[in-house]
Amino acid sequence: MRKKQLSIFGLFFLLGSLAYAQTTGVVKDSDGFPEADVEVKIKGSDKTAFTDENGNFNIDAKIGDVLVIKGKEITVTSDSLGDLSSYFKSENSTVDLTTAVVTGYSTQRKEEVTAAVSVVGGKDLVDTKSPNITNLLQGKVAGLRITSGSGRPGASASMRLRGRSSISAGIDALWVVDGVIYHGTPNINPNDVETVSVLKDAAATAQYGSRGANGVLVITTKRGKSKGLSVGVDFSNSWNFFNPGKFEVMNSQQMYDTFMGMSNLPANQVPPKELATRNFDWVENGTQIGKVTDANVSITSNTEFTNLFSTIGYYKEDGTVKGYEYERLSARINLDQKLSDRLSFKPKLNATFTNTDSREHSLYGMYTNMPWDNPFYADGSAVAPIDDTNSGKLTKWYGRDQSNYYYNLKTNYGKNELFDIQANLDFAWKISNSLTFESTNNVQYYSSTGMSYNDPKAIAAATYSGSIYQSSVRRIVRLFNQMLRYQREFGLHKLSGYAAYEYSDYEYQDLSGTKRGIIPGAEILNNGANPF
């Protein structure tokens with residue numbers, strides 16, 4: 001009898017092992033190359049897995065289960081499915097209509113979307129380096145016009161999605177990150193982005209009302225994909241080169257020949273012959289190869305009850321125009337914790353700190369100053385064109401503006417610090433198989449401080465004994481969204497909808513001031529004599 005009990009227990013143990021066996025396989029594209037980060041899901045359950053960099057996956061599935069991979073349904077026939085590329089081969093290039101498209105308050109499959117929506121994947125955003133996501137979208141979405149701004153590191157580009165819809169009102173598109181409406185362009189690490197959905201026409205943006213009149217860009221950040229705990233490190237260095245386009249300036253010899261070729265040139269304006277060999281290249285001396293450093297460390301986990309994506313990023317860029325440095329430190333935590341079969345807790349935290357230091361060379365001065373003017377004396381000291389000419393120390397400064405920006409670089413500078421944090425305390429309650437309550441609760445805090453210093457000895461500030469400027473901006477945005485979502489399938493038909501209540505408020509403070517007649521070296525407004 002004892003032997004029978006052991007046999008029966010062994011049979012149940014064997015059946016339990018078979019029921020929860022690990023099923024493995026390899027996902028490749030139609031050309032036979034492995035595909036990473038492809039979702040593998042068991043049909044009719046919440047169990048999911050993702051392929052690694054070699055296309056391999058393993059998932060708790062038993063024989064007879066149906067896996068959904070890239071819209072294809074594949075029946076599990078053994079614990080090792082092997083190479084699955086034959087399921088995805090096609091004679092013609094096709095679009096996967098089952099791909100999820102995030103349209104803000106809802107997620108739909110491509111086959112269900114009838115509005116004008118474009119989707120850009122996260123991998124398409126990291127083919128170039130920029131800390132601002134608007135620059136990375138350039139050339140990737142039809143109808144999205146992006147024009148570069150100042151070109152400084154960290155500067156955002158000008159973006160137009162639905163043209164100029166107003167003469168005086170704002171015409172910028174609305175940004176939404178993980179269901180939360182942002183004020184302006186989100187300060188977000190592009191490496192944290194999973195997809196960007198661009199909503200173009202009125203049908204796509206209707207759910208946002210008048211706020212979406214200029215188009216909507218919906219960002220979905222990454223979630224944990226690798227089964228178990230995974231640590232990833234990404235580090236890259238790149239270099240930017242100053243691009244003057246087809247615009248070239250004359251050297252000293254060319255300028256001398258141009259002057260001498262002029263007819264009826266007055267005798268007092270004929271340049272000395274030695275100027276033909278006195279050549280200072282303002283553009284070459286004011287520009288450099290800009291180095292970009294981008295480093296990211298991520299920790300991800302994906303289990304039956306917990307999904308975690310966390311990352312720390314560091315970005316530094318030196319401008320191709322000398323004297324401008326940009327640094328950014330960012331951190332993100334996305335956590336989805338399944339507390340029970342019906343209740344999930346979804347906190348999120350994103351924080352960014354940026355710092356800029358500017359002793360930037362003048363691009364205007366590079367192109368307007370003459371190659372005949374050397375900004376330095378033989379001992380390395382900078383020339384003060386007007387003062388030195390009046391004192392007899394300098395014979396003549398040929399530049400029209402009588403300005404040497406190198407003289408001001410010794411003393412003048414500016415800097416800015418920005419801290420931006422967003423926190424979510426979200427949860428989802430599955431009331432029934434068709435009805436879900438979702439709560440989104442978000443707080444955004446933004447703080448920016450800046451200053452610029454013009455020394456009393458600087459040429460531009462000499463007439464008013466120097467100046468100092470300081471600014472402080474603080475913004476707090478709160479958003480609360482409570483939503484009931486209904487979704488049910490009837491055979492080949494699907495019915496879905498939602499009802500939501502959203503509340504948001506906004507606090508903004510801006511304080512700035514300038515004082516002249518300052519004490520040299522002082523960075524405090526109270527040390528100035530005259531407000532301006």
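Cut-off values and rules
- Residues numbered from 1 in each chain as written.
- Predicted model: local features only at pLDDT ≥ 70, side-chain atom pairs only at ≥ 80, totals over all residues.
- Heavy atoms only, no water.
- Helix = DSSP H or I, 4+ residues; strand = E, 2+ residues; numbered from the N terminus.
- Buried < 20%, exposed > 50% of the residue type's maximum accessible area, 1.4 Å probe, protein only.
- Contact = heavy atoms within 4.5 Å.
- 1 Å grid on protein atoms, 1.4 Å probe; cavity = no way out; pocket = protein on both sides within 12 Å on 5 of 7 lines; lining within 4 Å.
- Points joined across faces, edges and corners; volume = space filled by probe spheres on them.
- Nonpolar A, V, L, I, M, F, W, Y, C, P; charged D, E, K, R; others polar.
- Pairing = 2+ DSSP bridges.
- Salt bridge = Lys/Arg side-chain N within 4 Å of Asp/Glu carboxyl O.
- Axes fitted to C-alpha atoms, helices over the stretch in contact; angles between N-to-C directions.
- Core = buried A, V, L, I, M, F, W, Y, C linked by side-chain atoms within 4.5 Å.

J.: Can you tell me about the environment of E248, naming the residues and giving the values?
T.: Residue placement: E248 occurs in the loop between β17 (228-240) and α4 (252-260). Given the relative accessible area of 71%, E248 is considered exposed. With 35 residues separating them along the chain, E248 and V283 place their C-alpha atoms 9.7 Å apart.

J.: Please provide a residue-by-residue account of the side chain of S330, values included.
T.: Secondary-structure assignment places S330 in strand β20 (residues 324-338). Among all residues touching S330, those that are not within four sequence positions of it are N189, T311, I312, G313, A351 and T352.

J.: Describe empty space enclosed by the protein, and please don't skip the residues or the numbers.
T.: A full pass over the atoms with the stated rule returns 2 cavities of 30 Å³ or more. Roughly 90 Å³ of internal volume is contained in the largest cavity. Elements that contribute at least two residues to the lining of the largest cavity include exactly β21 (343-358) and β22 (413-430). Residues that form the lining of the largest cavity fall into these classes: 4 nonpolar, 4 polar and 3 charged. Counted as a void, the second largest cavity has a volume near 70 Å³.

J.: Please give an account of the sheet that holds β17 that cites residues and values.
T.: Taking strand neighbours across the sheet as the criterion, the 10 strands line up as β17-β18-β19-β20-β21-β22-β23-β24-β25-β26 in an open arrangement whose pairing is antiparallel. Either end of the sheet is taken by a strand with one partner, and the two such strands are β17 and β26 (530-531). Direction of pairing for β21 relative to β22: antiparallel, over a ladder of 16 bridges. The partner of S358 across the bridge, within β22, is G414.

J.: An account of the pattern of salt bridges is requested, with residue identities and associated values reported.
T.: Counted under the stated rule, the structure contains 15 salt bridges. Across the pair D336 and R223 runs a salt bridge, and its minimum N-O distance is 3.8 Å. Taken together, the residues span a long stretch of sequence, with D336 in strand β20 and R223 in the loop between β16 (216-221) and β17 at a distance of 113 residues. The partly exposed category is assigned to D336, whose relative accessible area is 22%. Classification of R223 by relative accessible area gives partly exposed; the value is 25%. Between K348 and D426 there is a salt bridge, with its nearest N and O atoms 3.3 Å apart. Here the residue K348 occupies a position in strand β21, and D426 occupies one in strand β22, the gap between them amounting to 78 residues. With respect to burial, K348 and D426 carry one shared label: buried.

J.: Outline the sheet that holds strand β4 (residues 56-60), listing residues and values.
T.: Spatially, the 3 strands line up as an open sheet ordered β4-β1-β7, and their pairing is mixed. Sheet topology places β4 and β7 (80-83) at the edges, where each strand pairs with a single neighbour. This sheet shows a mean twist of 15° between the axes of neighbouring strands, independent of strand direction. Sheet topology note: the strand β1 (residues 22-26)/β7 ladder contains 2 bridges and is parallel. Bridged to T24 within β7 is S80.

J.: Which residues make up the environment of A351, and what are the values?
T.: By secondary structure assignment, the location of A351 is in strand β21. Remark: the alpha-carbon pair of A351 and I421, spanning 70 residues in sequence, is separated by 4.2 Å. Apart from residues no more than four positions distant in its own chain, A351 is found in contact with L329, S330, A331, D420 and I421.

J.: Please give an account of the nonpolar core that cites residues and values.
T.: Formed by 22 residues in total, the largest nonpolar core has its most connected members in L125, L137, W175, V196, L217 and I219. Elements represented by at least two residues in this core include exactly α2 (133-136), β13 (174-177), β15 (193-199) and β16. Broken down by element, the residue count for this core peaks at 3 residues, all from β15. Filtering out sequence-adjacent residues up to four positions away, L217 remains in contact with L137, M159, L161, A173, L174, W175, V176, V196, S197 and V198.

J.: Can you break down unusual backbone geometry residue by residue, with the values?
T.: At D178, a residue that is not glycine, the phi angle is positive and equals roughly 50°. Relative to the helices and strands, D178 resides in the loop between β13 and β14 (180-181). Phi is positive for N264, which is not a glycine, with a value near 60°. Topologically, N264 is positioned in the loop between α4 and α5 (282-286). For N264, a relative accessible area of 78% translates into the label exposed.

J.: So what's going on with the pairing of strand β25 (residues 493-516)? Residues and values would help.
T.: Relative to β25, strand β24 (residues 467-490) runs antiparallel, the two sharing 24 bridges. Its bridge partner being in β25, S471 is matched across the sheet by S512. Here β24 folds back onto β25 in antiparallel fashion, the turn holding 2 residues, of which G491 has a positive phi close to 65°. Relative to β26, β25 runs antiparallel, the two sharing 2 bridges. Bridge pairing in β26 links R516 to N530.

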